[in-house]
Structure formats: C-alpha cells, structure tokens
Amino acid sequence: MSYNILKIATLIGGQRVGNADAEISWLLTDSRSLAFPDETLFFALKSERNDGHKFIADLYKRGVRNFVVQTLPEDWQHYRDVNFIVVKDSLKALQRLAERHRDDFNIPIIGITGSNGKTMVKEWLCQLLSPSMKITRSPRSYNSQIGVPLSVWLLHDKSQVGIFEAGISKPGEMDALHDIIQPTIGVFTNIGMAHQENFTSMTEKCDEKVRLFRDARIVVYNGDDEIITDSISRGGIKSKLAWSRTNPQQIFFISNIATSGSKTEISYTYKGAEGKYTIPFTDEASIECSIACVGVCLYLKLTPETIADRMAKLEPVGMRMEVREGQHGCTLINDSYNSDINSLDIALDFMCRRQEQSSRKRILILSDIFQSGEEPTTLYKKVNELITERGIDQFVGIGTELCKHASLITVADKDFFYDVDDFLMSDTYSSLHNSVILIKGARKFGFEHITEQLVEKVHETVLDVNLNAVVANLNHFRTFMQPETKLVCMIKADGYGAGAVELAKTLQDHNVDYLAIAVADEGAELRKNGIKSNIIVMNPEMSSFKTLFENRLEPEVYSFRLLEALIKAARKEGFTNYPIHIKLDTGMHRLGFNPETDIEHLLEVLKGQTALIPRSVFSHFVGSDSDGFDDFSATQFELFDRASRKIQDAYTHKILRHINNSAGIMHFPERQLDMCRLGLGLYGIDRDNKIINNVSTLKTTILQLRHVAKEDTVGYSRKGTLNRDSVIAAIPIGYADGLNRHLGNRRAYCLVNGKKAEYVGNICMDVALIDVTDIDCKEGDAVEIFGDNLPVTVLSDILDTIPYEVLTSISPRVKRVYFQD
C-alpha cells in the first residue's frame, strides 16, 4: 500500500514545506537501511545520543526526497523537488501515522507482550494460522517504540490477521504501543526479570504491560501466575481466556502433559470439550508458548483436529541470523529459517551493513517465497527491486516458482535450480569463492544442507556469540549514564575471546563513540574489515607506529619515552594534531604519568610541538567493583580530577576525561565525566559477578559413550577413579581449546541435556571425559561448557580467577558463530 505525501502530512498534523508529488510505500528511520529512495519517507528522529537530522543531506544525495523533521535544514531552500513535513516530535509523528494506517483494517489483530517468549508465540501463531489466512507479522523482534510502528505499517489490503509484539523497558511506554497496535486479541506470555532495573517492582512492570490489552476483546494468559492474574484484574480486563494446569474450573484447563523422547503430548479441556495435541519439543518454554497459541487458535474457532494437525508440524523458531566463516574465502550469513519479503529486506540490510573489502562479491541464495498473499509476478518483481537496490552481484534462485519467473530477476549474474541437490551438484556452487553469501530460504527447501557444505570445516566445539546480547548489555549500561557522556567499548584480546571484528561491526552500527583494542595489529584488522569508528590502542609498541598512522589508530601515551618517540615519528610522517590519549597513574601503578610530579613537564613537551594533540586523558580505578576500596577510589579520583583539569586548562579545545569502567558506571555515577569505558559489562557480567545478558556460549558434542567398570580408571595417570560402574562420554574439547586443566578430576562440570556432568580424570589436550552415568544421552548430543545455562562465572569461581581469563582463553581453533535476532 502507498500513501500520497499530502495525505501523510494531514494524518500526522505536520506543516508541509515543498510541493513535489510523491507516493510513499516505505518508512525509514535509519539512513543505513535505505533501499527505495523514490518511495521512502525518512523520519529524522532525535534521541539522547543521536539526531537523524544530520543524515538528511546524505539521504538527499542518495535520492530521498521526502522527510519528516522537527527543524528544517539551514540550507533547506537549496533542496529541489523535496517535501519536508515539519512536526514537533518525529517519533510521535511516526507512531501517529502507524495509528492511522492501523485504523484502516477491521481484521483480527493479535498483540503479544511478556518478558520472554513473544517471538516464539508470534512465529508459531503464524505457522498455525497461515495455512488458511494471510498473515502480516512483526519482522523478527520489532517490538520497540520505533519497531512497532514500522511493523504495523506492513499491513496491506490482503492482510487477514496481524500479529505484533510489544516490548517495553520503562514505565509509560505501553500506551503508545497500544494505540498503534490496537489489539483485538491479547497474549501475555509470562513475567520475568527483563528490564526490571527501570521498575520499582514486578507488579509495576506487569501493570504496565497489561495496558496493551485494555480494549482487547480477549486476553490469553497463564491463570496460575498470580502477578499476571492480579494485574489483569486491576487493568479492568473483562474478557479473559486464562489457562491453568491446576484449576479444572478454568475455561481452558491443561489436564495432562506427557513428555516422551523428543515430543510432548498436551491434553486439555476447553469449554467442557476435551482435546489434545503433540508438539516436537520438550522444554518448558516451548510447552507454555504452545498452550498460549492453542488458546488463540481455539478463540479463532479452529477445530481441535486442525490445531492438533498443525501443532504436530511446528518448526523451531529461527530467531537468529548466523554469521560464519565459509570455505574458499567466503563469509556466510545464514537466515535459512523462514522466507518472506519483509524478512528478506531485513536480511539484505544486515548483509549490507557488514562492511567488507570491496573486492568481495555479494551473493544471495534464495528459495521460493510462500504465503505472501501476492501474485508470483508481483512478488518476484519486488524481490528484484530489493536485490537491485541492495547491490547484489550474483543471484541464485532455488524452487519451482523462481525458475518459472527467472526473467523477472535482472541481476546479470544469475542461476536457477529446482532444488538444493541440483544446486550443490552445479558449477555455480563449485565456483563460489571470496564472497559474502546470504542464504535465505523457507525451511522446507533444506537450505541447512547448503550451509553444511559451504561452512569451513572445523571440529565440533564452537563458541556461539549472541550479538543481540551485546547490544542489550550496551543499552543496559547506557541507561545508567548521562545522555551526553560518551562511551568507549573495549574489544581487546579479540573481543574478550568473542571475536573483535563482528563485535566492532555491531557496536559501530549502534553508534558507540570509541572502540579500544590492545595493540595496533588488532586495529589494522578492524580497518581491513571495514570498521570506520574511532579506535584507541591501549598498549602501542614502538615498532607499531607505521601501522598506527596508516590505519588512523589513536594511541594511548603513558610515558615520556613513548611520547617523544611518537612525536618524532609523527613529525617524520608530516602529521599535525594527531590525536593521542594521555594515561595517568593514580594508584594502579601499572602504566601512566605521575599525576603529582609529571604534569608540568608533560605539558611543556606537549605544548612544545604540533605533531600530536591530546584527545582524552584518563586513568583506571583499582577497585571500583568493591565497596571496600571506596576510600582509595576517592583518593584516585581526586588525583585524576586535579591533574586532568590542569591538562584541560592548557588547551582551548575539549579534552575528554574518563576514569569509570563498567563497575564504575554503576558504582560511581557522579564520576562519569565526559566518557566511560565499557569492558566486562559489555560481555554481560556486572560488578557483582552476576550475568546481565549472556553473550558467549561454549559448546561441543559427545563423541563416544563408553561403559567403564568401577574398578577401572579414566584418563592419563589413572587420575579418573570411579566408585561405581559408569558411563563415560568423550567430548572434543581440551586445554588446547581453552578448557582449563584445573577443572578436571571432578572439580567442575558441564551440562548434558540440561544436567550436570562432572569432568573425570585429567583434561587432555584435545579431549575431555565426563561422567554421564545418570543422564539420558547419546553420541552426538550437545554439551554446554559455559553459556546461557551454565554461567562462565561458575567456572571462574572454581578456578579462583576472573571471568576475563576464562573468556580470553578460548583458542582461535574454536569456531565462532555469530547470531542476532
């Protein structure tokens, strides 16, 4: 659907400046996601840390001619054939437009909220309803104040049901999302600790979420949860569909749950009639989400038989886009979980943002797209528009429909195949090299076989890195910071073992002010991979100056010897005002100038030359994570404050001052100054050694199971003694992979199918042995070394060390797999 620009100006109550005619189909809030400039309306959003108005000039050069702004550009009269719609608040205007668009649809709209499970319920409802209805749903996890209006905008004239998530992080946010979604059916998944830091109690947060449903015709929720039930009552919700495992009087009673192997059978009574269904999952989260979905389906009058048939076919929810290294110099972006036009647009946008060397081709491997609600000709014309605008160099289409409509794809380098096997046997497949490949397909096509063939072959131990968790941790700490305070993100030691390049791409995408690494070679690798952010080198070596200058890296300077050598090198290269970062030693006694005795001479040297210029001055707290060091921290800060002010007074330009690290951001908010440094907190560990959002999960598989008699021993030096007949599993991870030898001999454990399995015997170089005697498992089953279910802090506590050491010890031979929602 499209709207005339004049109608949009009227709907959002804005003042139109310009008279160019335009039809708008696409809304844009992030300039990096531009695809169709002629049909795009850009909303210049202002936030505490960014201002969309500064991207107007660039977007105009790229073909955008329609803008919603709070203030006109100073040179607006020089823009030709353009429309500016001036409003008081660009975000509210975006939300208002989505509200008015929503008003045009008299169809069931399902609004989903809760602490967890929103995306699973949304995707499963889509799987359950789409065989008989045309569904429009939120792309991935678009559930924020910006994501919800962009999602609702996707409703079109063929939509029969809308399914939208709504997420909040603080009080007062849900009313706007209610007005946009206007749900006729509500689903409350559960209530948990997510975003609890901004609420005084769980009850306050639950009450806020319930506001989404105040005009809904029905709300599906867990009637056994007292907090949710009480909030539903306080919210005045009259039409309720509560399900219960304990109360047979509920309209929707779960009478039995039986798990067998990899399936779960759930029996229920709804309005007095009995029914049952089976799902191909056994975990508690999947069971609860399935019950909520069945409640919605029953309300929409699907028969129990239809529900049971479709529930049995439920597929895992692909909520993550994986980035993996492939063979022959390829990088793989695997999104082979679903295939629709909106998720294709998001995946292409993700691909384009992963800046790579210009010599690498962009290749899209795409399957037929099902249940789009559009005629194939119209659909694949849109696909062609998307891939043309996103600059795809080579297109591979797989499926009968794509083969039929091959002429609609205008990319010069294109090939089509009826199925995956044909593609894998082709010259097209064998010729793939030095490319970035997006693999995007409906699950029925088996695109996982393409990934398996293309991925670089490594042993079965991998480190999963959750990029969404990185962003969540970043935003978590930003909530404790003043809006004007800048942020340095520490990604040294290869991103604390997680992989600096992919982390840097994600952090750059979220507008961090600085990245920091240890040595210049790390910075050179980031530049090679397209990172343009400011980069601080914390430990510059004398031999690295050429690398520093060639890659625009900004060195920390901590001694007169280093300073004088840098001045000499910068002069030789012809630099003026090359930025440096001055380190003061206020008590760590590791590196840095003495703040009491060195400042006058330091300023004398700095002011006596023009090759270098201080960009920041900083120091390190010794113990900001411990209340016991507060007095010493106060002394450190006094020394730093006095010395850094002297340095600032010597210059007219602003010199950034920073001393707070992750723990200091929360412990000493009054000492945030101009900038803070986010290190371990970025990876999900707070000052109390608790997990915020887990980033890294180290996992492997069971290679072999062996029955060992109790009188026998296991492993080198016969250290692995047994006190009973045992089942011992060999797993392909050892101290060469970063698994510390001190964890062996039953000092620690890993998780097999969610249960503790102790390490027995000495940990070997490439293999460890674990006791799985009481665990139902088989060869090939997954093993979690640390991660979502076994915090890395458990291992660091056993080793009497810090999480840093465990994370940074993971060997380069362990493959990193990156994913995001």
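Report on the accompanying structure. Every value quoted in this text rests on a predicted model; they were computed, and no experiment measured them.

### Examining the pattern of salt bridges
Next up, step 1: In the structure shown here, the tally under the stated rule is 33 salt bridges.
Next up, step 2: Note that Glu99 is salt-bridged to Arg100, the shortest N-O span being 3.4 Å.
Next up, step 3: Between Asp774 and Arg724 there is a salt bridge, with its nearest N and O atoms 2.8 Å apart. On the criterion of sequence distance, the pair formed by Asp774 in the loop between β39 (768–771) and β40 (782–786) and Arg724 in the loop between β35 (720–721) and β36 (726–731) is long-range, its members being 50 residues apart.
Next up, step 4: The class of Asp774 is exposed, set by a relative accessible area of 55%.
Next up, step 5: Since its relative accessible area comes to 32%, Arg724 is described here as partly exposed.

### Quick word on the nonpolar core
Next up, step 1: Ile491, Leu563, Ile582, Tyr759, Ile770, Ile785 and Phe786 are the most contacted members of the largest nonpolar core, which has 134 residues in total.
Next up, step 2: At 7 residues, helix α22 (residues 560–572) tops the list of elements feeding residues into this core.
Next up, step 3: When residues no more than four places from it in sequence are discounted, the contact partners of Ile582 are Val557, Phe593, Leu602, Leu606, Pro614, Ser616, Val617, Phe618 and Ile647.

### Some points on the sheet that holds strand β29 (residues 612–618)
Next up, step 1: Here we have 8 strands laid out as an open sheet, ordered β30-β29-β28-β27-β26-β25-β24-β31, and parallel in their pairing. This sheet does not close on itself; its edge strands, each paired only once, are β30 (656–658) and β31 (675–678). Here the strands of the sheet are splayed against their neighbours by 30° on average, with no regard to which way each runs.
Next up, step 2: Strand direction decides the pairing type here: strand β24 (residues 486–490) and strand β25 (residues 514–517), joined by 3 bridges, are parallel. Following the sheet pairing, Met490 is matched in β25 by Ala516.
Next up, step 3: Seen against the sheet, helix α24 (residues 630–649) touches β28 (578–583), β29 and β30 and runs at an angle of roughly 170° to β30.

Basis of the calculations
Residues numbered from 1 in each chain as written. Predicted model: local features only at pLDDT ≥ 70, side-chain atom pairs only at ≥ 80, totals over all residues. Heavy atoms only, no water. Salt bridge = Lys/Arg side-chain N within 4 Å of Asp/Glu carboxyl O. Helix = DSSP H or I, 4+ residues; strand = E, 2+ residues; numbered from the N terminus. Buried < 20%, exposed > 50% of the residue type's maximum accessible area, 1.4 Å probe, protein only. Core = buried A, V, L, I, M, F, W, Y, C linked by side-chain atoms within 4.5 Å. Contact = heavy atoms within 4.5 Å. Pairing = 2+ DSSP bridges. Axes fitted to C-alpha atoms, helices over the stretch in contact; angles between N-to-C directions.

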